[in-house]
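Letter by letter, the chains look like this.
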Amino acid sequence: PSELRGFLVALNTQLSRVRAATDHERLFISQAAHELRTPLTAMSLQLERAARASDLPTAHLRLHELDRGMRRSRHVVDQLLDLAGARAERHDRGGAAGPGQVVATLDSILRDVVGELLPIADAAEVEVELLERPQQHDDLELAVAPMVSVLRNLLDNAIRYSPPGGHVVIAVSETGGHLVITIDDDGPGIADPVRVLEPFFRETAQDGVGSGLGLAVVVAQLHGLGGRLTLQPTPRTPRGTRALIEIPLEGA
């Protein structure tokens with residue numbers, strides 16, 4: 001009957017969306033399994049080589065390679081859990097902040113994350129600068145878990161892809177009712193700033209150290225806060241990337 005056509009169209013549209021979401025999750029699970037299987041296979045081979053080592057220095061070298069593989073696998077698992085947690089919270093809360101969620105001031109979150117990553121920056125010979133922030137943001141409170149995940153992932157990327165002697169700059173401002181945080185680096189830049197946000201996507205110019213999940217985690221965490229991430233060329237240096245975080249202040 002013609003009276004049911006609108007209902008049937010709406011129902012078919014919803015079913016198509018569910019099917020697309022299910023296909024996307026199946027692809028994600030398949031990719032995640034591949035990302036975990038590859039380092040686990042490599043670690044098994046490294047362990048076999050260490051067991052067959054003829055002398056102690058060779059065994060130490062093999063065990064060092066095994067340790068690197070374990071660190072990478074742990075990093076992938078942590079990011080998969082972060083991404084799954086962000087998606088689950090977004091589904092359960094519809095993007096609203098949970099009543100029991102731990103909050104802290106933006107100033108303390110920034111200082112904690114920068115302090116945590118300073119040893120990595122020092123080892124990479126990269127200077128990290130936190131610009132003076134407007135006073136009105138000093139007591140601004142944000143959800144700790146998602147903001148730490150967002151800032152840690154973006155700052156870690158900025159440090160990792162900056163050359164020795166490089167400079168990473170973090171700045172905070174307010175524009176159009178949004179809290180704006182920028183992280184600028186002087187690395188090689190990003191060829192495809194849209195696709196690089198997809199899970200497991202890595203540009204060919206990258207060295208393959210990462211899991212390809214960090215930016216996807218950032219996007220998911222910011223979505224739960226009602227915010228967004230934009231990647232663009234930095235205006236501070238001839239080349240490099242600016243990670244632009246925008247979060248509505250009313251949702252902070």
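Residues numbered from 1 in each chain as written. Predicted model: local features only at pLDDT ≥ 70, side-chain atom pairs only at ≥ 80, totals over all residues. Heavy atoms only, no water.

**Student:** Can you walk me through the overall build of the protein in this structure?
**Tutor:** The helix and strand inventory of the protein stands at 5 helices and 7 strands. Listing the helices and strands of the protein from first to last along the sequence gives α-α-β-α-β-β-α-β-β-α-β-β. For the protein, the proportion of its 252 residues judged to be buried stands at 38%. Residue pairs at least 24 apart in sequence account for 68% of intrachain contacts in the protein once pairs closer than 6 positions are excluded. Working note: accessible area of the protein is about 14,500 Å², and carbon and sulfur atoms make up 57% of it. (Helix = DSSP H or I, 4+ residues; strand = E, 2+ residues; numbered from the N terminus. Buried < 20%, exposed > 50% of the residue type's maximum accessible area, 1.4 Å probe, protein only. Contact = heavy atoms within 4.5 Å. Areas by Shrake-Rupley, 256 points an atom, 1.4 Å probe, with all protein chains shown as cover.)

**Student:** Teacher, can you tell me more about unusual backbone geometry here?
**Tutor:** Peptide bonds are, in most cases, trans, and in most cases residues other than glycine have a negative phi. Residues other than glycine seldom take positive phi values, yet E125 does so here, at roughly 60°. If you trace the backbone, E125 turns up in the loop between α3 (106-123) and β2 (127-130). The exposure class of E125 is exposed, given its relative accessible area of 55%.

**Student:** It is not clear to me how the sheet that holds strand β5 (residues 178-184) should be interpreted in this structure. Could you clarify?
**Tutor:** To summarise the sheet geometry, strands pair through backbone hydrogen bonds and adopt either a parallel or an antiparallel arrangement. Pairing within the open sheet is mixed, and its 5 strands lie in the order β2-β4-β5-β7-β6. A strand with exactly one partner marks an edge of an open sheet, and here the two such strands are β2 and β6 (228-233). Sheet twist, expressed as the mean angle between neighbouring strand axes with direction ignored, is 20°. Pairing of β5 with strand β7 (residues 241-248), which is carried by 7 bridges, proceeds in the antiparallel orientation. What sits directly across from L179, in β7, is I247. Those strands touched by helix α5 (residues 214-224) are β6 and β7, and its axis lies near 135° from that of β6. (Pairing = 2+ DSSP bridges. Axes fitted to C-alpha atoms, helices over the stretch in contact; angles between N-to-C directions.)

**Student:** Which parts of the structure should I look at to understand the confidence of the model for the protein?
**Tutor:** Interpreting fine coordinate detail is not advised for predicted regions of low pLDDT. Residues at a pLDDT of 70 or more form 77% of the protein, whose mean pLDDT is 80. This model gives residues 91-97 a pLDDT under 50, and the stretch forms 6 contacts once residues within four places in sequence are excluded. (pLDDT = per-residue confidence, 0-100.)

**Student:** Honestly, the side chain of R242 in this entry has me stumped. Any pointers?
**Tutor:** With respect to the element layout, R242 can be found in strand β7. Here the side chain of R242 touches D184 through a polar contact of 2.8 Å, side chain to side chain. Not counting residues up to four positions away in its chain, the partners in contact with R242 are T182, I183, D184, T230, L231, Q232, P233, T234, P235 and R236. (Polar contact = N/O pair within 3.5 Å; in protein donor to acceptor, adjacent residues only side chain to side chain.)

**Student:** What is the right way to look at the environment of L131 in this model?
**Tutor:** Mapped onto the fold, L131 is located in the loop between β2 and β3 (141-143). When neighbours within four sequence positions are excluded, L131 is seen to be in contact with V169, I170, A171 and R236.

**Student:** I'm lost on the nonpolar core in this one. Help?
**Tutor:** Burial of nonpolar side chains together is a common tendency in soluble globular proteins. In terms of nonpolar packing, the biggest core is built from 38 residues, with L151, L154, L155, I181, I183, L229 and I245 touching the most fellow members. Elements that contribute at least two residues to this core include exactly α3, β3, α4 (144-160), β4 (167-175), β5, α5, β6 and β7. Element by element, the count of residues in this core is highest for α4, at 8 residues. (Core = buried A, V, L, I, M, F, W, Y, C linked by side-chain atoms within 4.5 Å.)

**Student:** Hey, could you run me through the packing of α4 against α5 in this one?
**Tutor:** Axis angle and axis distance: for two packed helices, these are the angle between their axes and the distance between the axes, and together they describe the pair. Running from N to C, α4 and α5 cross one another at 150°; their axes reach a closest spacing of 9 Å. Judged on the interaxial angle alone, α5 and α4 are roughly antiparallel. Taken as a pair, α4 and α5 cross one another with a handedness that is left-handed. Along its contact with α4, which presents P146, S149, V150, N153, L154 and N157, the element α5 presents G214, L215, V217, V218, Q221 and L222. Of the residues that constitute the contact of α4 with α5, the class distribution is 7 nonpolar, 5 polar and no charged. (Parallel < 35°, antiparallel > 145°, perpendicular 65-115°, else oblique. Left-handed = near helix turned anticlockwise from the far one by under 90°. Nonpolar A, V, L, I, M, F, W, Y, C, P; charged D, E, K, R; others polar.)

**Student:** Would you take a moment to explain the pattern of salt bridges for this structure?
**Tutor:** Between side chains of opposite charge, pairing is possible as soon as their charged atoms come close. Going through the model one piece at a time under the given rule, you end up with 7 salt bridges. Two residues, R111 and D107, come together in a salt bridge whose shortest N-O distance is 3.4 Å. A residue pair is termed a helical-turn pair when its members lie 3 or 4 positions apart in one helix, as R111 and D107 do in helix α3 at 4 residues. D184 serves as the salt-bridge partner of R236, at 3.5 Å between the closest nitrogen and oxygen. Separated by 52 residues along the polypeptide, R236 in the loop between β6 and β7 and D184 in strand β5 bring together distant segments of the chain. (Salt bridge = Lys/Arg side-chain N within 4 Å of Asp/Glu carboxyl O.)

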